[in-house]
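Analysis of the macromolecular model
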Amino acid sequence: MIRARMPALLASAGVVTGLLVVAHPAGATAPQATGPQLTAQFGQTSTWSNGYNGSYTIANGGTAASTGWAVEFDLPSGSTVTKAWNATLTRTGQHFKFADVSYNGAVKPGASTSFGFSVSGLVTPTGCAVNGSACDGGTTTTTTTTTTTTTTTTTTTTTTPPTGPTVNVATAAELIAALGNAAPGQVIKLASGTYHGSFVTQRAGTAAQPITLTGPADAVLINDGPAGDPPDCAAPGAPGYDSGYGLWLFNAPYWNLDGFTVTDSKKGIVVDDSPHTAIDGVTVRRIGEEGIHFRRSSADSVVRNSTVTDTGLVQPGYGEAVYIGSANSNWACYGNTDGVDRGDRVQVLNNHLGPNVAAELIDVKEGTTGGVISGNTFNGQGISGENSADSWVDVKGTGYTIENNTGAFASPGTFADGYQTHNVSTTPSFASGCGNVWRGNTSDLGGVGQYAIDVTSVSKCAGVPNVVYASNTVTNAVKGLTNINVTP
């Protein structure tokens, strides 16, 4: 069952009065500083139409480690901090205070730590102070007078700061922390168990040092969301927005995902602007929409040895097992490579897809090229026919090799052909649905399907024709192997 998460509200009220003045007498010389000397530098990590995510980096330029810190600032009326992480937030009117949590209060000399927060409104903080001194290391004079206040406390969802080449996690909070702080070459190891939460990373690995998230099949990720309306074009970080994705890689290339399970989420694994992602031996099941989606030009990626079943439980027409690229109608959001979602050279290898995948088992979108679909087992039972979903594989991309797959269909379901091509007009123009090759595929159409391989148009692909080799075989077809000439 896909469940909507109810946000937890933590609030308390109190009365505070007082006057705080910090100043140096005219002409006085500040004594030589000893011990910890903290500064705090603000930065914006992402923005949207009516808000932003911000952070402060706290550095220690002193001679001793700090025992704790508190950063304070003001926002004008109409702006507010909606949540914080890696800090405890309290609010007095339009004055916001962030205090360290258990693991980041001790900042060693020459070291730094950071915390983040979301703001509703576009104005950046003013009057920043860290431990009562100006955030830039100078002096500050601050006057705060308040009569009646409401204080909201939000504690961080992280627990232990992940460090070292291997990070062992056993709770959702630990996983969120590990994903948020992952470093090249690091291995995040999931213990057996169920992890409920919104799991997203924007941390990049490298070709030489990819980041790995690994766990056994009984390490199960569940996103009970979504909560709140999605922002334009579905980027992480908007206040109150939970994507509902079981696992979301966003601008996070060079990740290896291995062994674990994603279930009971709006979408399974979404890979956005994250090329060189390798998904191996993962199970995705009971998903509201798509199982695995390579989006925003997540090129040179692979999904292999994995199982995807029971997708499209909420929106059958959007319930593909594996989805490569985006429809050109969505390129305004996801077309980040010269206006196109170029999920090129994605490989789909040796997976078990279906049954009860409501849309196509693999949907290859226009604008993508050069992928490989090989060695997979397709079970078409349960294909819904919604949104023209009536085949194992629909190829609108160009130059794909489709070989050595085994497909079968049995009722119930709506099934027209094993493999289909479609030619989509795009701007900029691409030879959509052309130049693809089928060889060595075995198809059982269950007495329902028309062709094993249905090529929509020959004339539209005259320059880069689709090729069906005689090594493909079909049984229980209404019409036969293919509707075009077979190449020996």
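Per an unreviewed UniProt entry, the protein carries the name Parallel beta helix pectate lyase-like protein and comes from Kutzneria buriramensis.

Read from one edge to the other, the open sheet built from 10 strands follows the order 14-17-20-23-26-29-32-35-38-41, with strand pairing classed as parallel. The two strands at the open ends of the sheet, each matched to only one other strand, are strand 14 (193–196) and strand 41 (473–475). Of the strand pairs in this sheet, strand 26 (residues 307–309) and strand 29 (residues 352–353) are connected by 2 bridges, and their pairing is parallel. Bridging from a neighbouring strand, Thr-307 pairs with His-352 of strand 29.

This part covers the sheet that holds strand 40 (residues 467–469). Pairing is parallel across the open sheet formed by 12 strands, whose spatial order is 12-13-16-19-22-25-28-31-34-37-40-43. On the outer flanks of this sheet lie strand 12 (166–169) and strand 43 (486–487), each paired with one strand and no other. Bridge count for strand 13 (residues 187–190) against strand 16 (residues 211–214) is 3 bridges, and the pairing is parallel. Counterpart to Val-187 in the pairing with strand 16 is Thr-212.

The next thing to look at is the side chain of Asn-472. You can see Asn-472 is positioned in the loop between strand 40 and strand 41. Among the polar contacts made by the side chain of Asn-472, one reaches the main-chain carbonyl oxygen of Trp-438 at a distance of 2.9 Å. In contact with Asn-472, other than residues within four places in its own chain, are Trp-438, Arg-439, Gly-440, Asn-441, Ile-453 and Leu-481.

Let us now look at the nonpolar core. Core analysis: the biggest nonpolar cluster contains 61 residues, and Leu-175, Leu-213, Leu-247, Trp-255, Phe-260, Ile-269 and Ile-362 have the highest contact counts within it. Ranked by residues supplied to this core, first place goes to helix 1 (residues 172–181) with 4 residues. With near-sequence residues (within four places) excluded, Ile-269 lies in contact with Leu-247, Leu-257, Val-262, Ile-279, Val-282, Val-284, Gly-291, Ile-292 and His-293. Listed in part, the 22 residues of the second largest apolar core include Ala-40, Val-71, Val-119 and Val-130.

It is worth spelling out the environment of Gly-480 at this point. By the element assignment, Gly-480 lies in strand 42 (residues 480–482). Not counting residues within four places of it along the chain, the set of residues in contact with Gly-480 comprises Gln-450, Tyr-451, Ala-452 and Val-474.

Turning next to unusual backbone geometry. Most peptide bonds adopt trans geometry, and most residues besides glycine take a negative phi value. Following Gly-354, the chain continues to Pro-355 via a peptide bond in cis, the omega torsion being 10°. Tracing the chain through its elements places Pro-355 in the loop between strand 29 and strand 30 (362–364). With an omega of 0°, the peptide bond between Ser-411 and Pro-412 qualifies as cis. Within the secondary structure, Pro-412 sits in the loop between strand 35 (406–408) and strand 36 (417–421). Even without glycine at this site, Asp-310 takes up a positive phi of about 55°. Its location among the elements puts Asp-310 in the loop between strand 26 and strand 27 (322–324).

Analysis parameters
Residues numbered from 1 in each chain as written. Predicted model: local features only at pLDDT ≥ 70, side-chain atom pairs only at ≥ 80, totals over all residues. Heavy atoms only, no water. Pairing = 2+ DSSP bridges. Helix = DSSP H or I, 4+ residues; strand = E, 2+ residues; numbered from the N terminus. Polar contact = N/O pair within 3.5 Å; in protein donor to acceptor, adjacent residues only side chain to side chain. Contact = heavy atoms within 4.5 Å. Core = buried A, V, L, I, M, F, W, Y, C linked by side-chain atoms within 4.5 Å. Buried < 20%, exposed > 50% of the residue type's maximum accessible area, 1.4 Å probe, protein only.

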